[in-house]
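One-letter residues, chain by chain:
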Amino acid sequence: MLKEYLTIKDIIGPLVLVEEVEGARYEELVELELANGETRQGKVLVVETGRALVQLFEGSTGVDVSRSRVRFLGRGIELGVSPDMLGRIFDGLGRPQDEGPRILPEKRVDINGSPINPYARNYPSEFIQTGVSSIDGLNTLVRGQKLPIFSGSGLPHNRLAAQIARQAKVLGVEEEFAVVFGAMGITFEEANYFTDEFRRTGALARAVLFLNLANDPAIERIATPRMALTTAEYLAFDLGMHVLVILTDMTNYCEALREISAARKEIPGRRGFPGYLYTDLATIYERAGRIKDKKGSITQIPVLTMPDDDKTHPIPDLTGYITEGQIVLNRQLHKKGIQPPVDVLPSLSRLKDKGIGEGKTREDQADLFNQLFAAYARGKEAQELAVILGETALSEIDRLYYNFADTFEQRYVSQGEDEDRSIEQTLELGWELLAVLPTSELKRVRQVWLDKYLSKYRKEDSATPQKDGI
Amino acid sequence: MNEGRIVKISGPLVVAEGMTDAKMFDVVRVSEKGLIGEIIELRGDRASIQVYEETGGLGPGEPVLSTGQTLSVELAPGMIESIYDGIQRPLTVIREKVGDYIVRGVHVPAIDRDKKWPFTPTAKPGDIVGPGDLLGVIEETVLVAHRIMVPPGIEGKIVELNEGKFTVEESIGRIETGEGVKDICMLQRWPVRRPRPFKKKLPPVEPLITGQRVIDAFFPVSKGGTACIPGPFGSGKTVIQHQLAKWADADIVIFIGCGERGNEMTNVLMEFPELKDPRSGEPLMKRTVMVANTSNMPVAAREASVYTGITIGEYFRDMGYRVAVMADSTSRWAEAMREISGRLEEMPGEEGYPAYLGTRIAEFYERAGKVICLGSDQREGAMTVIGSVSPPGGDLSDPVVQATLRVARVFWSLEDLLAFQRHFPAISWLNSYSLYLDELEEYLKREVDERMPEERRRAMRLLQQEADLQDVVKLIGVDALSPENRLILITARSIREDFLHQIAFDEVDTYTSLKKQFKLLNIILVMHDAAREALTHGAPIDKLQGLRVREEIARAKYTPESRVTEIDRIKEKIEAEIEELLKTEEIDA
């Protein structure tokens, strides 16, 4: 029989201070029983001789000092995992939300996980074809990568995430895959969009959903991504599946973290976020990857909305320092009707170099994307210039770039939600667009590739490269 | 030693009572699990301890035992090719012992105790030796001869010194000191927070050749110098650190992954054994030691990792080697300091960082240098320290950046705008600086080309002029410029794209020797001079811009090192094409 304490002293926000405690341990799971019999869960944040500070996951509404009972359960927060979780929907703390039966766990796992030994990691190198040109062609995703979507409120990040979840495949192989979806503080409609999408495309049978909605307790969100990742680790490294984890919206998660930090009266860092935000986010993002001699993998796509589209805000900033690149969505592009509105210049996939090239995608891809980036950047510069000087003031060559940037956005980046482009289509499209530029401008591409891939898109008059252009 | 009791746990900070004999910075074992921690504050018999492993599940009342020793590294043969965590536990052994995840309370020695190394003495009985004197040598890898030195604090006459195979703890000989005869073994310990001693510091006058054009030619760092690389995420800090670790002409490379991505360490682990050192042809791993504390590993050990790495670096420096220490990223180290400081409830300085941040950073970078090592043979060793900094939002007013800039003498400023244009390395040529330029000028004149420093200055001037002209162009358009000014823009663009831009992933372009760097820069400036000359003879600027030879200049950087002389031949083509242009223009006229 567990000892019950009636010795709550203070309740501050989601924190409860319990006194006269014996044997409480750091990070231990706590159960709090209200006078009306309702129970809440929490964990120990600080423990001192005789005192424990407990953080409640479901908030402290209705908790009183005199009649609420506290039990220390003697174990950390665990999740019971089982293959039966596939196809099921849970709340943010891992309790079934659908009508399905109870999950009989194969084993119980601490949701905090343990860091993967860097020596045990296998470097991600398998190309994932998402069918989205701006990702496949320019910011290639590979298995075991963590590639966040940096978005803003009102932008279609969820559609892009769903599209990736729907279309992602590794070329030439049929393997067991699964999607784990962790929702933190998103609205009912957004969550509904995902469940409907998964249901419509039949993906639900291969998916596990953890939903903490906007009206659910904010503090519960601290546990939600960890529930999702614990499930993902089980599916990937115990059952050998390839798991895609989508976490949305990390901004809500960070705000919950700030709430607790403020309640603890910690010295705040930038914008009131705790100084350990980086470390805390790392314990989530770093749970992506592959392990030597294990079949499965965890690929993470966290979604976050940048407050006021500001990339230097601590949440996107620290995320960018941990994740292996980022896909940035842009409001102007969205307004121009470009779908997905991926701003390719600040977007980046750090692992792409290992996932592309001969035998993975195609030999010419590295040169091609370098050239596309450079040309698009130059085109954007020309467009800025034209705003000040007027289009007529542009040199001949700048005008070519000016137009290139436009067609690039409209044809390459924009493709709509249901178009699933193969990597060949994406690459050929790249060459086709580059063909408007003279050869002397294509410095980033080796001659062999120019001969092999570009020539078929050239019109006859460009045989002498000097004449077009300048 | 008295056993204390835990009274409080808050994250990585544990407070224990009853620690009567404990000293500051003693290493302690926390709870029955034996977690490793370090005392960072003492109040009466209450000690605050930063714990290098996860503290979940600990409770008040558990025992804390002081080891009486400060945090130290073990120094002996067997370190090269290792990958350690922040407190020098080999990650390879941890995996063998506990599997793919790092669990806590694992105790593994830093150095393999069973391996026998063939020791060849270079000193002989009867020699009078002091700390730092060489006793003998061990072929640790094909690239590294591990020199065994007399440990600090031992002085006297060698009584016995044996050739043969020894483990690191076995006695290789005996020295008669003032306090009696002492056995000597290869294993040394050194506290990480204390710099290892040397005889004298020297001014660093030799460049660390990195094969990266923007660095070697424009912003060089010297052997024994310090450099910092601040930049927002995605600007390529880590790629530059990796490039330097790969190609820098150091004898030993210490790579400290401090609070960075796990996959990056894996990348180094998988790539370095495959890559060949351009000088020796041997795998790069055979001169590399790695210290990895990835961002999800315990935060307190992050604080220790940079010290662990730099102390290992100093040990190799003391052997007379040229060592390069790469720390990626020092911001994570500073943040670890901030986190611990916050939990100690210290009064914060700027941005919540502790007030002693600047001191700690300065102490760290000052451990770099070119020195005359201890020992009687006057050998010279050098340790270069290159730290990357990850300022929030790329904001250079960040306290860590500012504290670093005060002590590091080279500043490679990474800009995300350049990275967006895929101009790599994204080192800004306008904001970066190197304070070693004057000191290195002699070397460049002697070893590369008499004209090298002057060509560099000309190129820099052109780039600066370009920046000024760009402001004008933004207002009135490029056509309004004089032909001379347009030529400056053309040449500056060529310097940027054909010289500064360098692709790390291209087999040829990834490394450029100093000689080739000079040729590449020279050819661009020759082109510039020839074109300016042609302008005075009335050649139109558009035609000069469109010369075919420009394509050859652009591709010159892909010329393999074995055929660099071919670059000089472009000069003839420049001459020929310009001559032809002038001829046709005359006819037109």
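Preceding this section is the structure that the text describes.
Structural notes, computed from the coordinates. The structure displayed is predicted, hence computed values, not measured ones.

## Comments concerning the interface of chain B and chain A
On the side of chain A, 80 residues touch chain B, which itself brings 79 residues to the contact. Of the roughly 6,900 Å² buried between chain B and chain A on both sides combined, carbon and sulfur atoms contribute 53%. The interface formed by chain B and chain A contains 8 salt bridges. Across the salt bridge formed by A:Lys443 and B:Glu497, the nearest N and O atoms sit 3.4 Å from each other. If you look at where chain B meets chain A, you find 29 residue pairs in polar contact (both at pLDDT 80 or more). Counting residues per element, the side of chain B that touches chain A draws most heavily on helix 4 (residues 262-271) of chain B, at 8 residues. Residue composition of the side of chain B that touches chain A, by class: 27 nonpolar, 25 polar and 27 charged. Judged from the 2 bridges that link them, strand 5 (residues 39-48) of chain A and strand 1 (residues 3-10) of chain B form a sheet pairing that is antiparallel. Within the sheet, the bridge partner assigned to A:Glu48 lies in strand 1 of chain B and is B:Lys8.

## Let's talk about the packing of helix 12 (residues 423-434) of chain A against helix 13 (residues 447-454) of chain A
All names here are of chain A. Relative orientation of the contacting elements helix 12 and helix 13 amounts to 100 degrees, with a least axis distance of 11 Å. Judged by the angle between their axes, helix 12 and helix 13 are roughly perpendicular. Contact with helix 12, carried on its side by Glu-428, Trp-431 and Leu-434, involves Trp-449, Leu-450, Tyr-453 and Leu-454 of helix 13 and no other residues of that element. For the contact of helix 12 with helix 13, the per-class residue count stands at 6 nonpolar, no polar and 1 charged.

## Re the sheet that holds strand 11 (residues 134-139) of chain B
Residues and elements named next belong to chain B. Strand order in the open sheet formed by 4 strands is 12-11-9-14, with antiparallel pairing between adjacent strands. Edge positions in the open sheet fall to strand 12 (145-149) and strand 14 (164-166), since each of these has one partner strand only. Neighbour-to-neighbour, the strand axes of the sheet open up by a mean angle of 40 degrees, direction not taken into account. The pairing of strand 11 with strand 12 spans 5 bridges and is classified as antiparallel. Bridging from a neighbouring strand, Gly-136 pairs with Ile-148 of strand 12.

## Some thoughts on the packing of aromatic side chains
Scanning all chains against the criterion turns up 23 aromatic pairs over all chains. Ring centres of A:Trp431 and A:Tyr453 lie 6.0 Å apart, and the angle between their planes is 15 degrees; this geometry places the pair in the stacked category. One end of the pair, A:Trp431, is in helix 12; the other, A:Tyr453, is in helix 13, and 22 residues separate them in sequence. Residue A:Trp431 is classed as buried on the basis of its relative accessible area, which comes to 0%. Geometrically, the ring pair formed by B:Tyr315 and B:Phe316 is edge-to-face, given 5.7 Å between the ring centres and 70 degrees between the ring planes. Clustering of aromatic rings is evident, with ring pairs tying together A:Phe181, A:Tyr193, A:Phe194 and A:Phe198. Above the ring of A:Tyr278, the side-chain terminus of B:Arg332 is found at 3.8 Å from the ring centroid. Geometry around A:Tyr321 places B:Arg332 over its ring, the cationic atom sitting 4.7 Å from the centre.

## Here we look at the environment of B:Val168
Residue and element names in this part refer to chain B. Examined against the element boundaries, Val-168 turns out to sit in the loop between strand 14 and strand 15 (171-177). For the pair Val-168 and Met-186, spaced 18 residues apart in the sequence, the C-alpha separation amounts to 5.0 Å. Those residues within four positions of Val-168 in sequence are excluded, and the remaining contacts are Ala-76, Pro-77, Ile-111, Asp-112, Arg-113, Lys-115, Trp-117, Cys-185, Met-186 and Leu-187.

Conventions adopted
- Residues numbered from 1 in each chain as written.
- Chains lettered and ligands numbered in written order.
- Predicted model: local features only at pLDDT ≥ 70, side-chain atom pairs only at ≥ 80, totals over all residues.
- Heavy atoms only, no water.
- Contact = heavy atoms within 4.5 Å.
- Buried area = accessible area lost by both parts, 1.4 Å probe.
- Salt bridge = Lys/Arg side-chain N within 4 Å of Asp/Glu carboxyl O.
- Polar contact = N/O pair within 3.5 Å; in protein donor to acceptor, adjacent residues only side chain to side chain.
- Helix = DSSP H or I, 4+ residues; strand = E, 2+ residues; numbered from the N terminus.
- Nonpolar A, V, L, I, M, F, W, Y, C, P; charged D, E, K, R; others polar.
- Pairing = 2+ DSSP bridges.
- Axes fitted to C-alpha atoms, helices over the stretch in contact; angles between N-to-C directions.
- Parallel < 35°, antiparallel > 145°, perpendicular 65-115°, else oblique.
- Phe/Tyr/Trp six-rings, centres within 6.5 Å; stacked < 30°, edge-to-face > 60°.
- Buried < 20%, exposed > 50% of the residue type's maximum accessible area, 1.4 Å probe, protein only.
- Lys NZ or Arg CZ within 6 Å of the ring centre and 35° of its normal.

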